[in-house]
Amino acid sequence: MKRYVMGFERPLAELESKLDSLKELEVSEEPDLAREIEELTVEVDELRGTLYSALSPWEKVQVSRHPDRPRTQDYVAALFTDVVELRGDRAFRDDPAVLTALATVAGRRVVVLGHRKGKTARENAERNFGMAHPEGLRKARRGMRLADKLGLPIVSFIDTPGASPGVGAEERGQAWAISECLATLSSVRVPVVAVGIGEGGSGGALAIGFGDRLIMLEHAYYSVITPESCASILVRETDRAGEMAASLALTAQDLVDLGLADEIVGEPRGGAHRDPEAAIGDVGRAVVSALDALSEREADALVEERYERLRSIGEFTGVG
Amino acid sequence: MPVRDWFKARDDRRRYAPVNAAQGRSEAARGAWHKCDGCGRIMYGGERADNLCVCPQCEHHMAMSAGERIASLVDPGTFQEIDEGLTSRDPLQFTAGTPYAEKLAGARERTGLNEAILVGKATIGGAPAIVGAMDFRFIGASMGSAVGEKVARAFELATAERLPVVLAIASGGARMQEGMLSLMQMAKTSAAVARHDAAGLGYVAVLTHPTTGGVTASFATLADVTLAEPGARVGFTGPRIIEQTTSEKLPKDFQSAESMLAHGMIDEVVSRDAIAARVASLLRYLVPRDGGGSVA
Ligand SMILES: [Zn+2]
């Protein structure tokens, strides 16, 4: 069996391939084999637990990018019913890197937004690795405005390395598309629950990635800049991305410590990609309970609290 | 507490020396010489200042300090700085590259500013406004907590006093050294602009070279009317990153103010000596229905 192995998983992969080869042997040829397999299985599981309970920030970034990690579309398919996708920005085209949909979760009608990474090379080519073009963000903004008009809560799934870089994106106003989302999302008179499920790269993530609650999966990250770009700009060496990941305070725990995230949803042992169903279920419960809590708020109070929440972010002195 | 008292309470805690908005026009600055980045012409500081830092030979618009910018925009003697003492802390104890604490100290020392933006009340062509200018010499005019705070307070004060906002913007983007706190300033400043907008008040942005990254993707692109200086680079992702990640060939005038005008993203490219008059004209139109406030 071929596995996608991240650098820090190498000792684990070695044990696993040993286990695989044991399993291929006939039990009759080796009387102690069954016991050996059992012991090794326990050892593999324990090692996985040890590795994943102490991931470095850079290792978490790698886990957040794992090709088998559940994506926005997996969460939507499993948690929501009666999903009606909205397409296009009414100006240029439909951007498949961004999902905007009407959907129902636990009996509640909502607008779902999300970055839509693919799992295969082909899907990723189509969806630009979940990197939104301006038209994708403008489609998301259509969703925000519709939610505001109809009084539907917004649930947003964050999973992108960043907004799409490129000539077309710039010429069509990538910066304008982002700032308009920020202005709109800050003022919609409905509950907004954002969930970091994988990568949270810079302005492209933030455009749909804040609200009244920010829920982070345990190994998801959220950062002002990707560790690689940070290394390239600050120290001009991309191989120091690991060091940058540690400096940038980008893990779910860092975000909680900084007062930016409200809740961490623990991942199954070995990461969400090991047991997508369990991870998706846990995220679903966290989202529904956040929606339940927020739905009792009056719209004016909700918008005021969201504004105060944003306004309180920052560390400065010498006031001022 | 009412917004005005809140500002007053903060005023009482000022610790840093106020910045003279006319700094850069000192005699020492007039004596120093500069080389034009456009054509290489040498000019003395006095000639440079008299020309608003525009090369008389090739009309290249050179960088201006925030103080010089304010002086070029507002009616003489009307600028009253606010929140001048505000400066970022080093919340992440960020040491990659040049340690952030050193970078901040160096920038303060070099520029005489406490942060990368100067904000105050002034009149332009007689019209009262909240006016701000960013200074690229201060860590690339990047936006960290303090820049975000000053921008948010500027819009809140303008909302409370029913004034328009005029910002001269330059920036390398969100300040990496404050991590997510910097990224969130994009949402914070945009939220403050949105409230000012919803209150029916006007906002003019003047984009100068370079306006990029997280500042472009937040308050810089939410104005009612957006002007830019000739040749200014205006964009989100930098050309180097685009070339590295996409192998796309960039058009010759990529992200220039002129190209952004052609693509419908800004309203006008205005040469520096005409900006104050243009802003004054705009402020005559950007008046709220109730007539707006005045500078006390
Ligand atoms: Zn010149």
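Everything numeric in this text was worked out from a predicted model, so none of it was measured.

Colleague: Can you explain the overall build of chain A? Please cite residues and give values.
Modeller: Helix and strand content of chain A: 14 helices and 8 strands. The principal-axis extent of the C-alpha atoms belonging to chain A is close to 70 × 50 × 40 Å. Out of the 320 residues in chain A, the part that is buried amounts to 56%. Taking all contacts inside chain A whose residues are at least 6 apart in sequence as the whole, residues at least 24 apart take part in 72%. For chain A, the exposed surface amounts to about 13,000 Å²; the carbon and sulfur share of it is 48%. Taken as two groups, the 39 positive and 54 negative side-chain charges of chain A have centres that lie 7 Å from each other.

Colleague: Go over the coordination of the zinc ion with me, naming the residues and quoting the values.
Modeller: Residue and element names in this part refer to chain B. Coordination sphere of the zinc ion, protein contribution only: Cys 36 (SG), Cys 39 (SG), Cys 55 (SG) and Cys 58 (SG), at 2.2 to 2.4 Å. Coordination at the zinc ion is tetrahedral, judged from the 4 donor atoms that bind it and the angles of 104 to 115° they form at the metal. Looking at Cys 36, the relative accessible area reads 3%, which means it is buried. Of the residues examined, Cys 39 reaches a relative accessible area of 32% and is grouped as partly exposed.

Colleague: Could you give an account of the interface of chain B and chain A, naming the residues involved and the relevant values?
Modeller: With 67 residues of chain B in contact, the opposing surface of chain A contributes 54 residues. Buried surface at the junction of chain B and chain A, summed over both partners, amounts to about 5,200 Å²; 68% is from carbon and sulfur atoms. At the junction of chain B with chain A, the criterion picks out 4 salt bridges. The residue Arg195(B) makes a salt bridge to Glu304(A) at a minimum N-O spacing of 3.0 Å. Remark: the boundary between chain B and chain A carries 17 residue pairs in polar contact (both at pLDDT 80 or more).

Colleague: I'd like a description of the sheet that holds strand 1 (residues 81–85) of chain A, backed by residues and values.
Modeller: Residue and element names in this part refer to chain A. Ordered by their spatial adjacency, 7 strands build an open sheet running 1-2-3-4-5-6-7, and the pairing between neighbours is mixed. With partners counted over all chains shown, the strands left at the sheet margins are strand 1 and strand 7 (263–265), one partner each. For this sheet, the mean angle separating the axes of adjacent strands, direction not counted, is 25°. Bridging between strand 4 (residues 154–160) and strand 5 (residues 192–200) involves 6 bridges; their strand directions are parallel. Within the sheet, the bridge partner assigned to Phe 157 lies in strand 5 and is Val 195.

Colleague: Run through helix 4 (residues 66–73) of chain B, naming residues and quoting values.
Modeller: Within helix 4 of chain B, 7 of the 8 residues are buried, which leaves the element mostly enclosed by the surrounding structure. Packed against the buried residues of helix 4 of chain B are helix 3 (45–50), strand 5 (117–124), strand 6 (127–134), strand 7 (165–171), strand 8 (203–211) and helix 11 (272–285) of chain B.

Colleague: Got a sec to walk through helix 5 (residues 100–111) of chain B? Specific residues and values, please.
Modeller: Residue and element names in this part refer to chain B. The end-to-end C-alpha separation of helix 5 is 16 Å, in line with the 16 Å expected for 12 residues at 1.5 Å each. Taken as a whole, helix 5 has its buried residues at Tyr 100, Leu 104, Ala 107 and Thr 111. The arc enclosing the buried residues of helix 5, seen along the axis, measures out at 65°, which places them on a common side. More than 90 degrees from the buried face of helix 5, the exposed residues found are Glu 102, Glu 109 and Arg 110. Close packing links the buried residues of helix 5 with strand 4 (87–88).

Colleague: Before we move on, can you summarise the sheet that holds strand 3 (residues 80–82) of chain B with the specific residues and values?
Modeller: Residue and element names in this part refer to chain B. Here we have 7 strands laid out as an open sheet, ordered 3-5-6-7-8-9-10, and mixed in their pairing. The open sheet has two free edges, formed respectively by strand 3 and strand 10 (268–269), since each of these has just one partner strand. Note that strand 6 and strand 7 share 4 bridges and pair parallel. Along strand 7, the bridge assignment pairs Ile 130 with Val 165. Strands in contact with helix 4 are strand 5, strand 6, strand 7 and strand 8; relative to strand 6, the strand with the most contacts, it is inclined by about 155°. Strand contacts of helix 11: strand 5, strand 6, strand 7, strand 8, strand 9 (225–228) and strand 10, with the helix running at about 155° to strand 8, the strand carrying the most contacts.

The rules behind each value
Residues numbered from 1 in each chain as written. Chains lettered and ligands numbered in written order. Predicted model: local features only at pLDDT ≥ 70, side-chain atom pairs only at ≥ 80, totals over all residues. Heavy atoms only, no water. Helix = DSSP H or I, 4+ residues; strand = E, 2+ residues; numbered from the N terminus. Buried < 20%, exposed > 50% of the residue type's maximum accessible area, 1.4 Å probe, protein only. Contact = heavy atoms within 4.5 Å. Areas by Shrake-Rupley, 256 points an atom, 1.4 Å probe, with all protein chains shown as cover. Lys, Arg positive; Asp, Glu negative; His and termini not counted. Charge placed at Lys NZ, Arg CZ, Asp CG, Glu CD. Donors = N, O, S within 2.8 Å, 3.2 Å for Na, K, Ca; no water. Tetrahedral: all angles 85-135°; square planar, octahedral: opposite > 155°, others 65-115°. Buried area = accessible area lost by both parts, 1.4 Å probe. Salt bridge = Lys/Arg side-chain N within 4 Å of Asp/Glu carboxyl O. Polar contact = N/O pair within 3.5 Å; in protein donor to acceptor, adjacent residues only side chain to side chain. Pairing = 2+ DSSP bridges. Axes fitted to C-alpha atoms, helices over the stretch in contact; angles between N-to-C directions. Expected span 1.5 Å × (residues − 1). Arc of directions from axis to C-beta.

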